[in-house]
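Listed below are the residues making up each chain.
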Amino acid sequence: GPYQLAVDLLKNNQVIDAKHNWNFGTGHLVIVGDVFDRGDKVNEMLWLIYKLEQQAKEQGGAVHYLLGNHEYMILHQDLRYVNKKYTEVAALLELDYTALYGKNTVLGRWLRSKPTLLKINNSVFVHGGISQAFLDQLPFDIASINATMSASIDVSKASMKATNFYSTYYGSTGPIWYRGYFYDPITDAEVDHILNQTHLEHIIVGHCSNEEVVSLYNQRIFGVDSSIKKGLYGELLFIIDGHYYRGTKEGTRIPF
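Note that the structure is predicted; figures quoted are calculated from it, not measured. (Residues numbered from 1 in each chain as written. Predicted model: local features only at pLDDT ≥ 70, side-chain atom pairs only at ≥ 80, totals over all residues. Heavy atoms only, no water.)

Caption draft 1: Structural detail: the overall build of the protein chain. A count of helical and extended segments in the protein chain gives ten helices and ten strands. For the protein chain, the C-alpha radius of gyration of 18 Å lies close to 18 Å, the compact-globule estimate for 256 residues. Taken along its principal axes, the extent of the C-alpha atoms in the protein chain is 55 × 50 × 30 Å. With 256 residues in all, the protein chain has 50% of them scored as buried. Contacts spanning at least 24 positions in sequence make up 62% of the contacts within the protein chain whose residues lie at least 6 apart. Accessible surface computed for the protein chain: about 12,100 Å², of which carbon and sulfur atoms make up 51%. Charge-centre separation for the protein chain: the mean point of 23 positive side chains lies 5 Å from the mean point of 27 negative side chains. (Helix = DSSP H or I, 4+ residues; strand = E, 2+ residues; numbered from the N terminus. Rg over C-alpha atoms; globule rule 2.2 N^0.38 Å. Buried < 20%, exposed > 50% of the residue type's maximum accessible area, 1.4 Å probe, protein only. Contact = heavy atoms within 4.5 Å. Areas by Shrake-Rupley, 256 points an atom, 1.4 Å probe, with all protein chains shown as cover. Lys, Arg positive; Asp, Glu negative; His and termini not counted. Charge placed at Lys NZ, Arg CZ, Asp CG, Glu CD.)

Given below as structure tokens:
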């Protein structure tokens, strides 16, 4: 939602140019969810991502927008964190807010095409994280998990809660809600076990807010939620030739 901060962050780090066009060549930009809620320029941000996705593809790069818990909350009509502006707009239009992102709208169809997990090289990107409890319940098949989460968007919560589906995929140990790397710290050995099971070397997550991009467990876990939601500051994580850097709001790259 804090559109201007996001734009400044992307401009200062040369991901977009002064006219808000793609400027990152063949690079990849991954957004790990939670564009929705709190801020008052959610739609401006969505349309910017939509445009950059097309521009990046034309230059041989890519924009990947993953769905976080707040995207799924909106699509399931959970409006607890919606900015007041949008509740007023919905009332003026005499529409349910979620109807703006229904499957018959451009943005609604686009959102429904987005994954929950993404693997690039030896890293997986996901909003919350991958927990041992989640891995204990099903095979780690990214395509299958993405297809299952996507299919659940237009299924009611009541239907999902009728079985253990909701607790598995939407519960506190599921990929969009898990906070165990930060708030219920697990051991290095447990992280190693998760990475070995998933054949990964790194997991990059959002969801848990920090003051800057953080590295945990000897650079095996990275947290990229740098509290942009507050509208004051934010950072990017750069991965370049196997090296990791914090990209500050001002555009400085600080190595880990």
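Further notes follow.
Caption draft 2: Spotlight on the pattern of salt bridges. For the structure on display, the rule yields nine salt bridges. Notably, a salt bridge pairs Asp 192 with Arg 220, separated by 2.0 Å at the nearest N-O pair. Highlighted residues: Asp 192 in helix α10 (residues 188-198) and Arg 220 in the loop between β6 (214-216) and β7 (221-223), separated in sequence by 28 residues. Residue classification places Asp 192 among the partly exposed positions, given a relative accessible area of 32%. Here Arg 220 falls in the buried class, since its relative accessible area comes to 13%. Residue Glu 235 is joined to Arg 246 by a salt bridge in which the shortest nitrogen-to-oxygen separation is 2.7 Å. Of this pair, Glu 235 sits in the loop between β7 and β8 (236-240) while Arg 246 sits in strand β9 (residues 243-247), and the two are eleven residues apart along the sequence. The buried category is assigned to Glu 235, whose relative accessible area is 3%. Accessibility expressed as a relative area gives 15% for Arg 246, which makes it buried. (Salt bridge = Lys/Arg side-chain N within 4 Å of Asp/Glu carboxyl O.)

Caption draft 3: Spatial organisation of helix α4 (residues 84-92). Where α4 begins, the capping side chain belongs to Asn 83, and its oxygen is found 2.9 Å from the backbone nitrogen of Lys 85. Glu 94 sits one or two positions beyond α4 and adopts a positive phi of about 55°. (Polar contact = N/O pair within 3.5 Å; in protein donor to acceptor, adjacent residues only side chain to side chain.)

Caption draft 4: Local environment of the sheet that holds β8. Taken together, three strands build an open sheet; the order of strands is β8-β9-β10 and the sheet is antiparallel. Unpaired on one side and paired on the other, β8 and β10 (253-255) mark the two borders of the sheet. On average, adjacent strands in this sheet sit at an angle of 35° to one another, irrespective of strand direction. Pairing analysis gives five bridges linking β8 to β9, with the strands arranged antiparallel. Paired with Ile 239 across the strands is Tyr 244, a residue of β9. (Pairing = 2+ DSSP bridges. Axes fitted to C-alpha atoms, helices over the stretch in contact; angles between N-to-C directions.)

Caption draft 5: Inspection of the nonpolar core at higher detail. Phe 36, Leu 46, Tyr 65, Tyr 101, Ile 130, Tyr 181 and Ile 203 are the most contacted members of the largest nonpolar core, which has 65 residues in total. Take this core: its biggest share by element is seven residues, from helix α2 (residues 42-58). Residues contacting Tyr 65, with those up to four places away along its chain left out, are Ile 31, Gly 33, Val 35, Phe 36, Leu 46, Ile 49, Glu 71, Trp 110, Leu 111, Lys 114 and Pro 115. (Core = buried A, V, L, I, M, F, W, Y, C linked by side-chain atoms within 4.5 Å.)

Caption draft 6: Region of the structure containing the side chain of Glu 53. Looking at the element boundaries, Glu 53 is found in helix α2. In this structure the side chain of Glu 53 is engaged in a polar contact, spanning 2.5 Å, whose partner is the side chain of Lys 114. Apart from the residues within four sequence positions on either side, Glu 53 is in contact with Val 63, Trp 110 and Lys 114.

Caption draft 7: Region of the structure containing helix α7 (residues 142-151). Buried within α7 are the following residues: Ile 142, Ile 145, Asn 146 and Met 149. What you see down the axis of α7 is that its buried residues fit within an arc of 100°, all on one side. Across from the buried face of α7, at angles greater than 90 degrees, the exposed residues are Ala 143 and Ala 151. For α7, the secondary structure elements touched by its buried residues are α3 (69-75), β3 (117-120), β4 (123-126), α6 (132-135) and α9 (165-170). (Arc of directions from axis to C-beta.)

Without other data, these values stay purely geometric and don't point to any function.
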